[in-house]
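# Close look at the chain arrangement
These are the residues of each chain, in order.
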Amino acid sequence: MQKDFRKPPKTSCCSTSPKKSKNDGSCCGGKGKTDWLLWGSLVACGLSVIAHLFFSNSLPPSLHTFAHSTYELLLKMWWGLALGIVAVGMLGNIPRAYIQSILGKGGTMNGILRATGAGLLLDLCNHGILLVAMKLYERGASLGQTLAFLIASPWNSLSLTLILVGLIGFKWTLAFVLLSGLIAVTTGYITDQLVKHGKLPANPHDTPIPENFHFWRDAKQAIRNTKFDAAYAKSTLSEGLRGSTSIIRWILFGTVLAAGIRAFVDPSIFNQWFGPSILGVGMTLLAATIIEVCSEGSSPIAADLVTRANAPGNGFAFLMAGAATDYTEIMALRETTKSWKTTFILPLLSLPQVIVIAIILNLWSQ
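Here the structure is a predicted model, which is why all the values come from computation and not from measurement.

Turning to the overall build of the protein chain, a few remarks are in order. For the protein chain, the count of helices and strands is 17 helices and zero strands. Here the protein chain holds 366 residues, and 49% of them are scored as buried. On the protein chain, roughly 17,700 Å² of surface is accessible, and the fraction owed to carbon and sulfur atoms is 67%.

In structure tokens:
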């Protein structure tokens, strides 16, 4: 069986239906169509970085804050985005059968548990994880597995978990990790059941694994057949950039929006509402939804909510809001699944669980 990791079957919507016109409204758009959101956000970020590096002292206070915030967010995100792009490129070169074999069968508890475990273990920031999650869906992961992976991942990297242990202690960190995994499993399983009963559309990229497929045997053969040379690196990077562009546009837009909020909204408006109450949980989720915070930034903020506000539930809610309500994740799902119904199942299922657990944690700590 002569397989290699450089020539996967073409599965993108851009690789089929050549007769479609450029104005057919397909997911790939048409030639010559400018992505104003991507380029506008990119230009805004670029100008902000230049302003921060060369004109910082001469800027008005609000613009100084905007430029500095944009620079700071990009500085924290770039490595996660870079690793996410590389991971997307590598996943794009791996046939679906391998991905589906690792994640297990969609629509089963075993598959959900595997996806959740992968999300808990993978050490990437939330923006890199987002790129990987959307690529897993395109490579055949079920909708439930994709959501479980996404919910379990954003702040659960090894490095950030160790940081949380130092900030809030082992007990609360362990509770947060286990509870995030519980929400991921519950949401993923319910989602796959809704797909099974026809309430949600199934993943159109799902294909059955060939009967004669054996993971380790075929993987060893594929690795032997693959030349890991400059051409492979170039194709991987090209595939990663092409597969990540639709998601990166929302990440950049979120960066611009977050910088704008930091520059023009008084933080005291949020700080006074973060107490250990139902209102505090709601305001925490609202603030975390509006303010685009990378995983590196979310951990110390969540720690402050636990230690200073004595509201561990709010800290947990703040960490989980990145996957449950954040508009970057929402729009990334919309770009990937092309379905608003599928997209909003993420907050509809996960958010009530986050709220209930947050309230219980706050009551338990009193």
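On we go.
Attention shifts here to the packing of aromatic side chains. This structure, assessed with the given rule, holds four aromatic pairs. Aromatic side chains Trp172 and Trp364 sit 5.6 Å apart centroid to centroid with 70° between the ring planes, which places their arrangement in the edge-to-face category. Separated by 192 residues along the polypeptide, Trp172 in helix H8 (residues 170-196) and Trp364 in helix H17 (residues 345-365) bring together distant segments of the chain. Members of the aromatic cluster, joined through ring pairs, are Trp172, Phe176, Phe316 and Trp364. It is Lys171 that lies over the ring of Trp364; its NZ or CZ is 5.8 Å from the centre.

Turning our eyes to something else, we now look at the packing of helix H6 (residues 143-152) against H17. Running from N to C, H6 and H17 point in directions that differ by 55°, and their axes come no closer than 12 Å. Relative to H17, the element H6 lies oblique. Between H6 and H17 lies a crossing whose hand is right-handed. Of the residues in H17, those in contact with Leu147, Leu150 and Ile151 of H6 are Ile345, Leu346 and Ser350. Of the residues that constitute the contact of H6 with H17, the class distribution is five nonpolar, one polar and no charged.

Before going further, it helps to spend a moment on the pattern of salt bridges. Summed over all chains, the structure comprises two salt bridges. Of the charged contacts, one joins Lys135 and Glu138 as a salt bridge, the two residues approaching to 3.5 Å between their closest N and O atoms. Placement of the pair is Lys135 and Glu138 together in helix H5 (residues 126-138), with a separation of three residues, close to one helical turn. Here Glu138 falls in the partly exposed class, since its relative accessible area comes to 25%. Of the charged contacts, one joins Glu335 and Lys338 as a salt bridge, the two residues approaching to 3.9 Å between their closest N and O atoms. Here Lys338 falls in the partly exposed class, since its relative accessible area comes to 38%.

Next up on the list: H6. Of all ten residues in H6, ten are buried; the element is thus mostly enclosed. Looking at H6, one finds that the buried residues are Leu143, Gly144, Gln145, Thr146, Leu147, Ala148, Phe149, Leu150, Ile151 and Ala152.

Turning our attention to the UniProt feature "transmembrane region" (unreviewed entry) in the protein chain. Within this structure's numbering, the places UniProt gives as "transmembrane region" (unreviewed entry) are residues 36-57, 77-99, 111-134, 146-165, 172-191, 247-265, 272-291 and 344-364. Spanning residues 36-57, this segment combines 86% helix with 0% strand, and its end C-alpha atoms are found 30 Å apart. Taken end to end, residues 172-191 comprises 100% helix and 0% strand; its first and last C-alpha atoms sit 28 Å apart.

What counts, and at which threshold
- Residues numbered from 1 in each chain as written.
- Predicted model: local features only at pLDDT ≥ 70, side-chain atom pairs only at ≥ 80, totals over all residues.
- Heavy atoms only, no water.
- Helix = DSSP H or I, 4+ residues; strand = E, 2+ residues; numbered from the N terminus.
- Buried < 20%, exposed > 50% of the residue type's maximum accessible area, 1.4 Å probe, protein only.
- Areas by Shrake-Rupley, 256 points an atom, 1.4 Å probe, with all protein chains shown as cover.
- Phe/Tyr/Trp six-rings, centres within 6.5 Å; stacked < 30°, edge-to-face > 60°.
- Lys NZ or Arg CZ within 6 Å of the ring centre and 35° of its normal.
- Axes fitted to C-alpha atoms, helices over the stretch in contact; angles between N-to-C directions.
- Parallel < 35°, antiparallel > 145°, perpendicular 65-115°, else oblique.
- Left-handed = near helix turned anticlockwise from the far one by under 90°.
- Contact = heavy atoms within 4.5 Å.
- Nonpolar A, V, L, I, M, F, W, Y, C, P; charged D, E, K, R; others polar.
- Salt bridge = Lys/Arg side-chain N within 4 Å of Asp/Glu carboxyl O.
- UniProt positions renumbered as here; feature names shortened; annotations may be inferred.

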